[in-house]
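Take a look at the letters that make up each chain.
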Amino acid sequence: MAKKSQATWGGRFSNGPAELMLRFSESVSFDKRLAAFDIAVNRAHTAMLRHVGLITAREMKAIHRGLKEVEAKIEAGKLKWNPAFEDVHMNIEQALTKIAPEAAKMHTARSRNDQVATDSRLFFKFATDSLVGLLERLQRSILKVAEKNQNVFIPGYTHLQRAQPVSVSHHLLAYVEMFSRDIKRFKQVNDDANWCPLGSGALAGTTLPIDREFVAKALGFVDSRGRQRVTTNSMDSVADRDVFLDFAQACAVCATHISRVSEDVILWNSAEFGFVELPDAFCTGSSLMPQKKNPDSLELLRGKSGRIVGSLQALYTMIKGLPLTYNRDLQEDKAQVFDSFDQLGISLQVLEGTIAGARFRADRCADAVSDPGLLATDLADWLVSEGVAFRDAHHVVGALVAKAEALNVPLDRVPQEEAVRIHKALSKDWRVVFDLKRAMKAREGIGMPGPKQIRKQLSRWKRAYAVR
Ligand code: ARG
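Here the structure is a predicted model, which means the values were calculated and not measured.

Peer 1: Pulling in residues and values, what's your account of the overall build of the chain?
Peer 2: Within the chain, the regular secondary structure consists of 18 helices and 4 strands. Relative to its length of 468 residues, the chain is extended, with a C-alpha radius of gyration of 31 Å against a globular reference of 23 Å. For the chain, the spread of C-alpha atoms along the principal axes amounts to about 100 × 55 × 45 Å. Of the contacts formed within the chain by residues at least 6 apart in sequence, a portion of 72% connects residues at least 24 apart. Roughly 23,400 Å² of accessible area belongs to the chain as shown, and the carbon and sulfur atoms make up 53% of that amount.

Peer 1: Tell me what's going on with the pattern of salt bridges, and back it up with residues and numbers.
Peer 2: Scanning the entire structure with this criterion turns up 25 salt bridges. The shortest N-O distance in the salt bridge between Arg121 and Asp240 comes to 3.3 Å. Taken together, the residues span a long stretch of sequence, with Arg121 in helix 6 (residues 112-148) and Asp240 in the loop between helix 9 (234-239) and helix 10 (242-269) at a distance of 119 residues. Given a relative accessible area of 10%, Arg121 falls into the buried group. Given a relative accessible area of 17%, Asp240 falls into the buried group.

Peer 1: Explain the side chain of Arg241 to me, and be specific about the residues and the numbers.
Peer 2: Looking at where Arg241 falls in the secondary structure, it is placed in the loop between helix 9 and helix 10. A relative accessible area of 4% means that Arg241 is categorised as buried. At 2.7 Å, the side chain of Arg241 and the side chain of Asp333 are in polar contact. The contact partners of Arg241, leaving out residues within four places of it in the chain, are Val116, Ile319, Tyr326, Leu330 and Asp333.

Peer 1: Account for a negative patch on the surface, with residues named and values stated.
Peer 2: A contiguous patch of negative charge on the surface is contributed by Asp192, Asp236, Asp242 and Asp246. Here Asp242 shows up in helix 10. Asp242 sits in the partly exposed class, given a relative accessible area of 47%.

Peer 1: With reference to specific residues and values, describe the site of the ligand.
Peer 2: In the vicinity of the ligand, the contacting residues are Ser27, Asp31, Asp87, His89, Arg112, Asn113, Val116, Tyr326, Gln331 and Lys334. Separating a nitrogen atom of the ligand from a side-chain N or O atom of Asn113 is a distance of 2.9 Å. The separation between an oxygen atom of the ligand and a polar side-chain atom of Lys334 is 2.6 Å. The residue makeup of the shell around the ligand, split by class, is 2 nonpolar, 4 polar and 4 charged.

Peer 1: Describe the nonpolar core, listing the residues and the values that go with them.
Peer 2: Within the largest apolar cluster, 100 residues are counted, with the highest numbers of intra-cluster contacts made by Phe179, Phe186, Phe247 and Leu344. For this core, the element with the most residues is helix 10, which contributes 15 residues. Those residues in contact with Phe247, other than ones at most four positions away along the chain, are Phe124, Ala127, Thr128, Leu131, Phe186, Val189, Val337 and Phe341. Membership of the second largest hydrophobic core comes to 21 residues, among which are Ala376, Ala380, Val397 and Ala419.

Peer 1: How would you sum up the packing of aromatic side chains? Please name residues and give values.
Peer 2: A full pass over the atoms with the stated rule returns 15 aromatic pairs. Geometrically, the ring pair formed by Phe123 and Phe247 is edge-to-face, given 6.4 Å between the ring centres and 65 degrees between the ring planes. Linking Phe123 in helix 6 with Phe247 in helix 10, this pair joins segments that are 124 residues apart in sequence. In this structure Phe247 comes out as buried when scored by relative accessible area, which is 0%. Measuring from ring centre to ring centre gives 5.9 Å for Phe126 and Phe341, while their planes differ by 70 degrees; the resulting arrangement is edge-to-face. With Phe126 in helix 6 and Phe341 in helix 12 (residues 333-356), this pair connects stretches of sequence that are 215 residues apart.

Peer 1: Outline helix 18 (residues 451-464), supporting the account with residue identities and numerical values.
Peer 2: Relative to the 20 Å expected for 14 residues at 1.5 Å per residue, helix 18 spans 20 Å between its end C-alpha atoms, a close match to the ideal helical length. Of all the residues in helix 18, the buried ones are Gln453, Ile454, Gln457, Leu458, Trp461 and Lys462. Looking straight down helix 18, one finds its buried side chains confined to an arc of 165 degrees; they lie on one side. Facing away from the buried side of helix 18 by more than 90 degrees, the exposed set consists of Lys452, Lys456 and Arg463. The inward-facing, buried residues of helix 18 contact helix 6, strand 2 (161-167) and helix 7 (168-193). After helix 18 finishes, the residue Ala466 shows a positive phi value of roughly 50 degrees.

Peer 1: Give me the packing of helix 3 (residues 35-51) against helix 6: which residues, what numbers.
Peer 2: One way to put it is that helix 3 packs onto helix 6 with a least axis distance of 9 Å and a crossing angle of 120 degrees. On the basis of the axis angle, helix 3 is oblique to helix 6. Viewed along their axes, helix 3 and helix 6 form a crossing whose handedness is right-handed. For the pair helix 3 and helix 6, the contacting residues are Phe37, Asp38, Val41 and Asn42 in the first and Gln115, Thr118, Asp119, Leu122, Phe123 and Phe126 in the second.

Peer 1: Provide a residue-level description of the environment of Ser259, including the pertinent values.
Peer 2: Its location among the elements puts Ser259 in helix 10. Taking the C-alpha atoms as reference points, Ser259 and Leu300, 41 residues apart in sequence, are found 8.9 Å from one another.

Peer 1: Summarise unusual backbone geometry; cite the residues concerned and give the values.
Peer 2: With an omega dihedral of 5 degrees, the bond running from Leu324 to Thr325 counts as a cis peptide bond. Structurally, the position occupied by Thr325 is in the loop between helix 11 (296-319) and helix 12. If you check the backbone angles, Glu86 has positive phi at about 70 degrees while not being a glycine. Relative to the helices and strands, Glu86 is located in the loop between helix 4 (57-75) and helix 5 (88-99). Take Glu86: its relative accessible area is 6%, and that puts it in the buried class. Its identity as a non-glycine residue notwithstanding, His159 has a phi of 55 degrees, on the positive side. Mapped onto the fold, His159 is located in the loop between strand 1 (153-158) and strand 2. Relative accessible area serves as the criterion here: at 73%, His159 is assigned to the exposed category.

Rules used in this analysis
- In this numbering scheme, every chain counts its residues from 1 along its sequence in written order.
- pLDDT decides what is reported in this predicted model: residues at 70 or higher carry local features, side-chain atom pairs at 80 or more are listed and counted, and totals for whole chains, interfaces and linings draw on all residues regardless.
- Excluding hydrogens and water, the side-chain values take into account all heavy atoms of the structure.
- Here a strand is any run of E in DSSP of at least two residues, a helix any run of H or I of at least four, and the numbering for each starts at the N terminus.
- Our radius of gyration is a C-alpha quantity, and the globule rule it is checked against amounts to 2.2 Å times the number of residues to the power 0.38.
- By the convention used here, residues are in contact when the closest approach between their heavy atoms is within 4.5 Å.
- Surface exposure here means Shrake-Rupley accessible area, sampled with a 1.4 Å probe, where a residue is shielded only by the protein chains that are shown.
- We define a salt bridge as a side-chain nitrogen of Lys or Arg found within 4 Å of a carboxyl oxygen belonging to Asp or Glu.
- When accessible area is computed with a 1.4 Å probe and restricted to protein chains, residues below 20% of their type maximum are described as buried, those above 50% as exposed, and intermediate ones as partly exposed.
- Residues adjacent in sequence count toward polar contacts only when both atoms are side-chain atoms; beyond that, a polar contact is any pair of N or O atoms within 3.5 Å, and within protein one must be able to donate a hydrogen and the other to accept it.
- Candidates for patches are residues over 30% relative accessible area with no salt bridge; among them, like charges are joined within 9 Å and nonpolar side chains (Val, Leu, Ile, Met, Phe, Trp, Tyr) within 5 Å.
- His is not counted, nor are the chain ends, whereas Lys and Arg count as positive and Asp and Glu as negative.
- For the purpose of locating charges, the reference atoms are NZ of Lys, CZ of Arg, CG of Asp and CD of Glu.
- A cutoff of 4 Å decides nearness: a residue is near a molecule or strand if any of its heavy atoms lies inside that distance of it.
- Think of it as three bins: nonpolar holds Ala, Val, Leu, Ile, Met, Phe, Trp, Tyr, Cys and Pro, charged holds Asp, Glu, Lys and Arg, and polar takes everything else, Gly as well.
- What is meant by a nonpolar core is a set of buried Ala, Val, Leu, Ile, Met, Phe, Trp, Tyr and Cys residues, joined one to another through side-chain atoms within 4.5 Å.
- Centres within 6.5 Å make a pair out of two Phe, Tyr or Trp rings, where for Trp the six-membered ring is used; the pair is then stacked when the planes are under 30 degrees apart, edge-to-face when over 60, and tilted otherwise.
- Expected helix span is computed as 1.5 Å times (number of residues minus one).
- Note: the arc covers the axis-to-C-beta directions of the helix.
- Here an axis means a line fitted to C-alpha atoms, over the contact stretch when the element is a helix, while the angle between two N-to-C directions is reported on a 0 to 180 degree scale.
- When describing relative orientation, an angle under 35 degrees is termed roughly parallel and one over 145 degrees roughly antiparallel, while 65 to 115 degrees is termed roughly perpendicular and anything else oblique.
- Handedness of a crossing is defined here by the sense of rotation of the near helix relative to the far one, left-handed for an anticlockwise turn of less than a right angle and right-handed for a clockwise turn.

Here it is, written out as C-alpha cells:
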C-alpha cells in the first residue's frame, strides 16, 4: 500500500502516503490551471533571492532557464502532471529540479501557503479583467438592441401584471444598469486582490533576509502610481480567503442578474407574450414535438445561476469554522472559484449572442401596450391636475375600472354618462390621457422612460462603453 517517502516533505516520514490518500489529497488535477501564475511567482521569487544574495546570479539564471523550459512544456501539453506530487506547485518544482538541480534552492524562504495565496491573487486579477471584458461586450450588444427599439413600447410589469407602458429601450437599459454595477464589483475585487502575500511563509514569515517589496513589484502588485503593495500580517496573509468570497459573490450577483434577464426574455418569447423572436442559433428543438423552438440558452443561463450561487455558499461553509491559519480544507476553495469563473464567462457570452440576435415583434408589442388599463395611473394623475386629491383620484379611477369590467368594455370606452356619475371632474375630456405618445412624453424626469430621457441615457452609456 504505502509508497516510498514523499519527495518534497518526506524527510520525517518512514512511509509514504497510501494510494487512496494520494488520490484523495491531490489537487493538481484542478489547480494545474494556476501553472502560469505559479511560474511567474517562481521567477519573481528567485529574482528576489538573487537580489538579496540568498542564491547566486548563476543559480538564478539556471532556474529561469529551466522555468522557461517547463513553461513551454506545459503550454504544449507535454508536462506529465503527477498526483503523487500533490499540487501544481510541487509538480512544477519537481519538473524544474530535473532540468536544473539549482531549483533545490527555489523554495528558500517561502511556503506553499504564501505561494498558493499569491498564485490565487494573480488568478483573480486575470479572471476579473477577463470578466469585465465580457461584461463590456454584453453591454455593447444590449445598447445596440436598445437603440434600435426606442420606438417599440411594451407593458412594464409588477407582480407579472400589466402595470405601465415603457419602451423596450427603457427595459433594456435597466439591464445595462445592473451589469454596470457588476463591472464595478469585479473592478473592486481586482483592486482587493492586488496585494502581495509572498514572504508571509507558512504563517510567521522567515528568518532569512528577504525583500517582499521587490517581489511585489516584479509581480505587478502595485498601485496606480507604481508603488508596491504587500500584505501586512503574515497570519492573515495565508489564512485570508476574502478575495475568494468577494469574487464568488460578484459572480453570484452577476449570475443572478443574468438569470432575471433570462426569465424576462423567456416570458417575452412565449406565444402568450410574443414580444420577441430569438435567434435559431441559441434555441433548440424538441425530439418529439416538431413545432417547438425552445429558449434553451436562457433556461440554461437561469439554471447555471444556481450553480454559481452554490459555489459562494460552499466557500462560506468551508471557511467559517477554520482556525487561523492555513488548513488543508482551503485546498477546496479553488474548485469553487474556477467553476464560477468558467460558468459565468460562458454565460456572459451566451447571453450576449442571444440578445444580439433577438428581434422585437413590433406588432405584438403594440397590441399588448394598447391596453388602456396601462394608463389608469395617468388618468389618476390627470384628475390630480384637475384639483382632485390623489387618494380620491385613485378611488375614482378604480370605480371607472370596475365599471368598465362590469360593462365589458375597455377602460377608455366607459360611456360618458356613467363616468360623470362616478365623479364630476370626469365631465371634462378625460380620454386625452389614453394616448401612448402623450403618456411617454409626460415622463421626462431623470430615470423615467420618456423618449428624450432615453436618448440621454443611451448616449451616456454609449460613451461609457465606446459604442459608435
Ligand atoms: N495545494 C495546497 C492548497 O491549495 C497548497 C498549500 C499546501 N500547504 C500545505 N501546508 N499543505 O491549499
